[in-house]
Amino acid sequence: EPEVTQTPSHQVTQMGQEVILRCVPISNHLYFYWYRQILGQKVEFLVSFYNNEISEKSEIFDDQFSVERPDGSNFTLKIRSTKLEDSAMYFCASSDRTGSNQPQHFGDGTRLSIL
Amino acid sequence: DAKTTQPNSMESNEEEPVHLPCNHSTISGTDYIHWYRQLPSQGPEYVIHGLTSNVNNRMASLAIAEDRKSSTLILHRATLRDAAVYYCILRDVMDSSYKLIFGSGTRLLVRP
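Everything quoted here is computed from the prediction, not taken from an experiment.

A. Here's a closer look at the overall build of chain A. Counting its regular elements, chain A contains 0 helices and 11 strands. Starting at the N terminus and ending at the C terminus, chain A contains elements arranged as β-β-β-β-β-β-β-β-β-β-β. Over its C-alpha trace chain A gives a radius of gyration of 13 Å, about what one expects of a compact globule, namely 13 Å for 115 residues. For chain A, the C-alpha atoms occupy an extent of roughly 40 × 30 × 30 Å along the three principal directions. Considering chain A as a whole, with its 115 residues, one finds that 45% of them fall into the buried category. For chain A, the computed accessible surface area is about 5800 Å², with 44% contributed by carbon and sulfur atoms. Charged side chains in chain A number 10 positive and 15 negative. The centres of these two groups are separated by 2 Å.

B. Quick peek at the pairing of strand S8 (residues 75–79) of chain A. All names here are of chain A. Here S8 lies mainly inside the structure; 4 of its 5 residues are buried. In this sheet, S8 lies alongside strand S3 (residues 19–24) in antiparallel orientation, the contact comprising 5 bridges. Within S8, the position partnered with Ile 20 by the bridge is Lys 78. Pairing between strand S7 (residues 65–68) and S8: 4 bridges, direction antiparallel. Across the sheet, the residue bridging to Val 67 is Leu 77, located in S8. The hairpin turn running from S7 into S8, its antiparallel successor, is 6 residues long.

C. A look at the packing of aromatic side chains. Counted under the stated rule, the structure contains 15 aromatic pairs over all chains. Summarising the aromatic geometry, the rings of A:Tyr31 and A:Tyr50 are spaced 4.2 Å apart at their centres and angled 10° between planes, so their arrangement reads as stacked. Placement of the pair is A:Tyr31 in strand S4 (residues 31–37) and A:Tyr50 in strand S5 (residues 43–50), with a sequence separation of 19 residues. With a relative accessible area of 32%, A:Tyr50 lands in the partly exposed category. When the centroid spacing of 6.1 Å and the interplanar angle of 70° are considered together, the rings of B:Tyr36 and B:Phe102 count as edge-to-face. Residue B:Tyr36 is located in strand S3 (residues 31–38), and its partner B:Phe102 is located in the loop between strand S8 (84–92) and strand S9 (106–111); the two are separated by 66 residues in the primary sequence. Residues B:Tyr36 and B:Phe102 agree in their burial class; the two are buried.

D. Spotlight on the pattern of salt bridges. For the structure shown, the criterion picks out 6 salt bridges over all chains. A salt bridge links B:Lys99 to A:Glu56, with the shortest nitrogen-to-oxygen separation between them at 2.9 Å. One end of the pair, B:Lys99, is in the loop between S8 and S9; the other, A:Glu56, is in strand S6 (residues 53–57), on a second chain. Residue B:Lys99 is classed as partly exposed on the basis of its relative accessible area of 24%. Classification of A:Glu56 by relative accessible area gives buried; the value is 18%. B:Arg37 is paired through a salt bridge with B:Glu45; the nearest N and O atoms lie 2.9 Å apart. Beyond isolated ion pairs, a larger network of salt bridges with shared partners links B:Arg37, B:Glu45 and B:Asp82.

E. Examining the state of the cysteines more closely. Residues and elements named next belong to chain A. Counted according to the given criterion, the structure contains 2 disulfides over all chains. The side chain of Cys 23 participates in a disulfide bridge whose partner is Cys 92; the two sulfur atoms lie 2.0 Å from each other. Here the disulfide of Cys 23 and Cys 92 is left-handed, its torsion about the S-S bond being about -65°. Residue Cys 23 is found in strand S3, and its partner Cys 92 is found in strand S9 (residues 88–95); the two are separated by 69 residues along the sequence. For the pair shown, Cys 23 and Cys 92 are each scored as buried.

Conventions adopted
- Residues numbered from 1 in each chain as written.
- Chains lettered and ligands numbered in written order.
- Predicted model: local features only at pLDDT ≥ 70, side-chain atom pairs only at ≥ 80, totals over all residues.
- Heavy atoms only, no water.
- Helix = DSSP H or I, 4+ residues; strand = E, 2+ residues; numbered from the N terminus.
- Rg over C-alpha atoms; globule rule 2.2 N^0.38 Å.
- Buried < 20%, exposed > 50% of the residue type's maximum accessible area, 1.4 Å probe, protein only.
- Areas by Shrake-Rupley, 256 points an atom, 1.4 Å probe, with all protein chains shown as cover.
- Lys, Arg positive; Asp, Glu negative; His and termini not counted.
- Charge placed at Lys NZ, Arg CZ, Asp CG, Glu CD.
- Pairing = 2+ DSSP bridges.
- Phe/Tyr/Trp six-rings, centres within 6.5 Å; stacked < 30°, edge-to-face > 60°.
- Salt bridge = Lys/Arg side-chain N within 4 Å of Asp/Glu carboxyl O.
- Disulfide = S-S within 2.5 Å.

Okay, here's the thing in structure tokens:
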């Protein structure tokens, strides 16, 4: 069964440094998402992306965050200047269509640790 | 999205059926009921969804009350691998938002 893959599985970064989290969505999917989960807390929506532009973003997704689909397969999340509170699991998801009856398929996440 | 209420935790014995409840008393006529689960150290995983009728797939069954104010996710024979946090999420078909809003879910413990 096709799956969403994320790399790296664990990223350790110094505070203030830039970090790029990478995702390969399922190949025929058109809608892409990033979520995060701080340890012990709920899964939170960050951003959705379709047709090479952001469709929706949450309050968490401030100017320090950006997303990009640099080629036909990768979908990246960049944090420009990391803060301690950015430490979390970051999950990428994709779906082949949007709409409330369409499931989203998630990767296993990247654990981001900011020192 | 309308609010859902789930028990914080439930326990089950392996190979027995599990019924995970979800209350959504303020559900609207255009809300789909979705279930996801999150196994330890993994991302959320889609389980099943429905609108009005009961639904079955290879993973589980979804029983929806006639008034749609509650639903139950049924795992017919729990395995140790089913130990996870289960999330009941409503998604309005009229809503232009694409995001999933996760609550705290129900943590299912499966005893061998």
